[in-house]
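# Notes for the structure review
Residue-level listing of the chains:
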Amino acid sequence: SIFEYNGSAVVAMVGKNCFAIASDRRLGVQLQTIATDFQRISKIHDRVFIGLSGLATDVQTLYQRLVFRHKLYQLREERDMKPETFASLVSAILYEKRFGPYLCQPVIAGLGDDDKPFICTMDSIGAKELAKDFVVSGTASESLYGACEAMYKPDMEAEELFETISQALLSSVDRDCLSGWGGHVYIVTPTEIKERILKGRMD
Amino acid sequence: MSRRYDSRTTIFSPEGRLYQVEYAMEAIGNAGSAIGILAKDGVVLVGEKKVTSKLLQTSSSMEKMYKIDDHVACAVAGIMSDANILINTARVQAQRWDRNHGFQLYMSDPSGNYGGWQAAAVGANNQAAQSILKQDYKDDATREEVVQLAIKVLSKTMDSTSLTAEKLELAELYLTPSKCVKYHVHSPDSLTKLLVKHGVTQPAAETS
């Protein structure tokens, strides 16, 4: 599958008035590792992040289009996009290419105006899947489901959420040959954004 | 006037003039004016607000000042429906370019001519404004001095007698200490303070 060509793992979790989004850092071509500092998570603005799993070229192209569309929205509306709005934008852009899709599965996480966290994922043609607790995507998604199901608790504070998402990510990528080489975690609260690089099994 | 040579924008008159273009420039001469001045540490834009009805729903956005990109802003005088299309095109095109050539000020008109300026004025009484600017512009002026000059020019060229915050909009473009380009729009309160400071807002004092 072309979705497994580069290998990836992306996960987002909801906490109490905060959220976390994390990904692995490997870029491979099938089983050969090309880079160990690949960026899959990007900041759209201070309160909305997107993680893109799947084919790396399309990840970068889609990211550029999203930044462009968000910039024009910001200039015209003189405000940032709400997470729900941004998710609909991503969905619409993906469905535009219904019969030749961007080969990505996005994970979107953000804080709304009332500091209520929002997370969602979608497939490569933009079918939204909303969740209250956590969302996963990438080649390690199956093991991520298991790890998150076991470790997640509702209403965690920022620090505990960081521990949980990091442990879930690191243990999942160890069970997947195509993702790994450490992790990249963002914890977003109404007042600050914490960014941390994780070391895992670096092989 | 001539009716034969102004039906289309591409028809020349026997004297080699394009009437439609000249009419368009004339239309802008009647619009509320906008002035831009270059300082050594930034650029200042001021605009004259024409619509000041109490009944008008005041949106947060300004009448004639628009942010084009993180590092570009523009002020317009003329027909707003046309301006909106130009602003939209400019915003899209701006996403394709890089920055880093210091502060600059440009002016363009319906004929398509454009050029870089140290101080420029468009709209009503632009010739009077231009000549005051020519007299008073100093090469090494700071942003604060330039704001003062801009307010002075506007207060002298505007048709109404007293200059108030509702009839004015002012924006500055400058570098923050962290070398980021910042576009700052003055609030009505800070405008009132500026007008008092520079002594141009003595209500009904100047009667002409």
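Keep in mind that this is a model prediction, so the values were computed, not measured.

A tally of regular secondary structure across chain A gives four helices and 12 strands. At 16 Å, chain A has a C-alpha radius of gyration in line with the 17 Å of a compact globule built from 203 residues. For the C-alpha atoms alone, the extent of chain A along its principal axes is close to 45 × 40 × 25 Å. Residue pairs at least 24 apart in sequence account for 62% of intrachain contacts in chain A once pairs closer than 6 positions are excluded. Roughly 9,600 Å² of accessible area belongs to chain A as shown, and the carbon and sulfur atoms make up 48% of that amount. Side chains of chain A carry 23 positive and 28 negative charges; the gap between the two charge centres is 4 Å.

So, on to the packing of helix α1 (residues 56-77) of chain A against helix α2 (residues 83-96) of chain A. Residue and element names in this part refer to chain A. Look at α1 against α2: their axes get within 11 Å of each other, and the N-to-C directions meet at 130°. Between α1 and α2, the angle is such that the two are oblique. Like other packed secondary-structure pairs, α1 and α2 cross with a definite hand, here right-handed. The residues of α2 that touch α1, namely those facing Leu 62, Arg 65, Leu 66, Arg 69 and Tyr 73, are Thr 85, Phe 86, Leu 89, Val 90, Ile 93, Leu 94 and Glu 96.

The next thing to look at is the confidence of the model for chain A. On average, residues of chain A score 96 in pLDDT, and 100% of them are at 70 or above. Put simply, strand β4 (residues 32-35) of chain A is where chain A has its lowest mean pLDDT, 95, and α2(A) is where it has its highest, 98.

This next bit is on a nonpolar patch on the surface. Residues and elements named next belong to chain A. Judged by side-chain polarity, Ile 2, Tyr 5, Val 29 and Ile 34 come together as a nonpolar surface patch covering roughly 320 Å² of accessible area. Its place among the elements puts Tyr 5 in the segment before β1 (9-15). Overall, Tyr 5 belongs to the partly exposed group, its relative accessible area being 33%.

In this section: the interface of chain A and chain B. On the chain B side, the residues contacting the six residues of chain A number 10 residues. Buried area between chain A and chain B, summed over both chains or domains, comes out near 740 Å², and the portion from carbon and sulfur atoms is 55%. At the boundary of chain A with chain B, the tally comes to two salt bridges. A salt bridge links Lys71(A) to Asp70(B), with the nearest nitrogen and oxygen atoms 3.6 Å apart. Counting the contacts that link chain A with chain B gives four residue pairs in polar contact (both at pLDDT 80 or more). Across the side of chain A that touches chain B, the residue classes break down as three nonpolar, no polar and three charged.

Rules used throughout
Residues numbered from 1 in each chain as written. Chains lettered and ligands numbered in written order. Predicted model: local features only at pLDDT ≥ 70, side-chain atom pairs only at ≥ 80, totals over all residues. Heavy atoms only, no water. Helix = DSSP H or I, 4+ residues; strand = E, 2+ residues; numbered from the N terminus. Rg over C-alpha atoms; globule rule 2.2 N^0.38 Å. Contact = heavy atoms within 4.5 Å. Areas by Shrake-Rupley, 256 points an atom, 1.4 Å probe, with all protein chains shown as cover. Lys, Arg positive; Asp, Glu negative; His and termini not counted. Charge placed at Lys NZ, Arg CZ, Asp CG, Glu CD. Axes fitted to C-alpha atoms, helices over the stretch in contact; angles between N-to-C directions. Parallel < 35°, antiparallel > 145°, perpendicular 65-115°, else oblique. Left-handed = near helix turned anticlockwise from the far one by under 90°. pLDDT = per-residue confidence, 0-100. Patch = residues over 30% accessible without salt bridge, like charges linked within 9 Å, V, L, I, M, F, W, Y side chains within 5 Å. Salt bridge = Lys/Arg side-chain N within 4 Å of Asp/Glu carboxyl O. Buried < 20%, exposed > 50% of the residue type's maximum accessible area, 1.4 Å probe, protein only. Buried area = accessible area lost by both parts, 1.4 Å probe. Polar contact = N/O pair within 3.5 Å; in protein donor to acceptor, adjacent residues only side chain to side chain. Nonpolar A, V, L, I, M, F, W, Y, C, P; charged D, E, K, R; others polar.

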